[in-house]
Amino acid sequence: MNNVTLNNGVKMPQLGYGVYQVNAAETERCVSDAIRVGYRSIDTAQAYGNEAGVGAAWRKSGLPRDELFLTTKVWITNAGEEKAAASIDASLKALQTDYVDLLLIHQPFGDYYGTYRAMEAAYRAGKARAIGVSNFYPDRFIDLANFCQIVPAVNQVETHVFQQQKTAQKVLSRYGTQIESWGPFAEGRNGMFANPVLREIGAKYGKSVAQTALRFLIQNGVVVIPKSTHVERMEENFNIFDFELTDADMAAISALDTAESAFFSHYDPDTVEWFMTLAK
Ligand code: NAP
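All values reported here derive from a predicted model rather than from experimental measurement.

Quick notes on the rules
Residues numbered from 1 in each chain as written. Predicted model: local features only at pLDDT ≥ 70, side-chain atom pairs only at ≥ 80, totals over all residues. Heavy atoms only, no water. Buried < 20%, exposed > 50% of the residue type's maximum accessible area, 1.4 Å probe, protein only. Helix = DSSP H or I, 4+ residues; strand = E, 2+ residues; numbered from the N terminus. Pairing = 2+ DSSP bridges. Right-handed = clockwise from strand over helix to strand, strands pointing away.

Caption draft 1: Geometry of the pairing of strand β5 (residues 69–74). Among the six residues in β5, six count as buried, and that is most of the element. Burial along β5 is two-sided: the face carrying Phe 69, Thr 71 and Lys 73 and the face carrying Leu 70, Thr 72 and Val 74 are both buried. Examined bridge by bridge, strand β4 (residues 41–43) and β5 share three bridges and lie parallel to one another. Bridged to Asp 43 within β5 is Thr 71. Considered for its hand, the β-α-β crossover made up of β4, helix α2 (residues 51–61) and β5 is right-handed. With helix α3 (residues 81–95) bridging β5 and its parallel neighbour strand β6 (residues 102–105), the resulting β-α-β unit is right-handed.

Printed below as a string of structure tokens:
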């Protein structure tokens, strides 16, 4: 497994397993399967309602705690210093652990400065080995990174072949912040799994569209956390370290970038107002 080294020296697997939209009842089975396949990084969040399933799967796996990299995220309804601090303790309890490896602010809305202060305190108290953010577009990221005490180790943002985040990645690298992809397959949007460019390039190496899409991100230095509830797809998505895309392959896939979200933009006022209904 490839690791990246975060800005505080902590090592993070470059490939992990995400559990967004995995229902609470199925999470323990899915995470257990993922651990058996070989995944050693699991991405959950308070908002997913499945932290307990992740914790149960880890406990049953028998893996020493330091062999699993656990990420969770503070949800917008827990924004603000006090509420965030209490929610972090609740997350640790649900995950059956004393610390997470990575703790992120899920969305850049509400009193996220207060949330971040609670996360800095959690970091100092040993409850998180690294802290960072998610869905912070360059404007809000630059602002927070300049007025916090601990520069975010990671920014988890929508990143896939159609939204490659080239500008964001340049900004993040100036702060030593690792980019992490959510939605590495764009959840199948834009015809991702039937994309002819990815299919043709992958075929040269006996690899699928999914493997080619992930490999492109890996070679661009992005951390990926693909989700699947199917064990054969977990295996497929895991087997991406035994081939290498050429410069020409990388250029052809780079040209698929639309530099636009396949979901929604955090710059769109309607989207932001929808988030406000959660934050209040
Ligand atoms: P994704 O990984 O881009 O796509 C998941 C979809 O692709 C599922 O429908 C899955 O179906 C399918 N799939 C997976 N592997 C496949 C394969 N090899 N062939 C064909 N289909 C395949 O989407 P995501 O779950 O949204 O993103 C990944 C993780 O990022 C999440 O689980 C979560 O941890 C994180 N995330 C974070 C945020 C945030 O705001 N920070 C937002 C979204 C996601 P099956 O499950 O049926 O196999």
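Resuming the write-up.
Caption draft 2: Just the sheet that holds strand β7 (residues 131–134), in detail. Strand order in this open sheet of eight strands is β3-β4-β5-β6-β7-β8-β9-β10, and the pairing throughout is parallel. What marks the edges here is a single partner per strand, and that holds for β3 (17–18) and β10 (223–224). Both β5 and β6 contribute to a ladder of four bridges, which runs parallel. Within the sheet, the bridge partner assigned to Thr 71 lies in β6 and is Leu 102.

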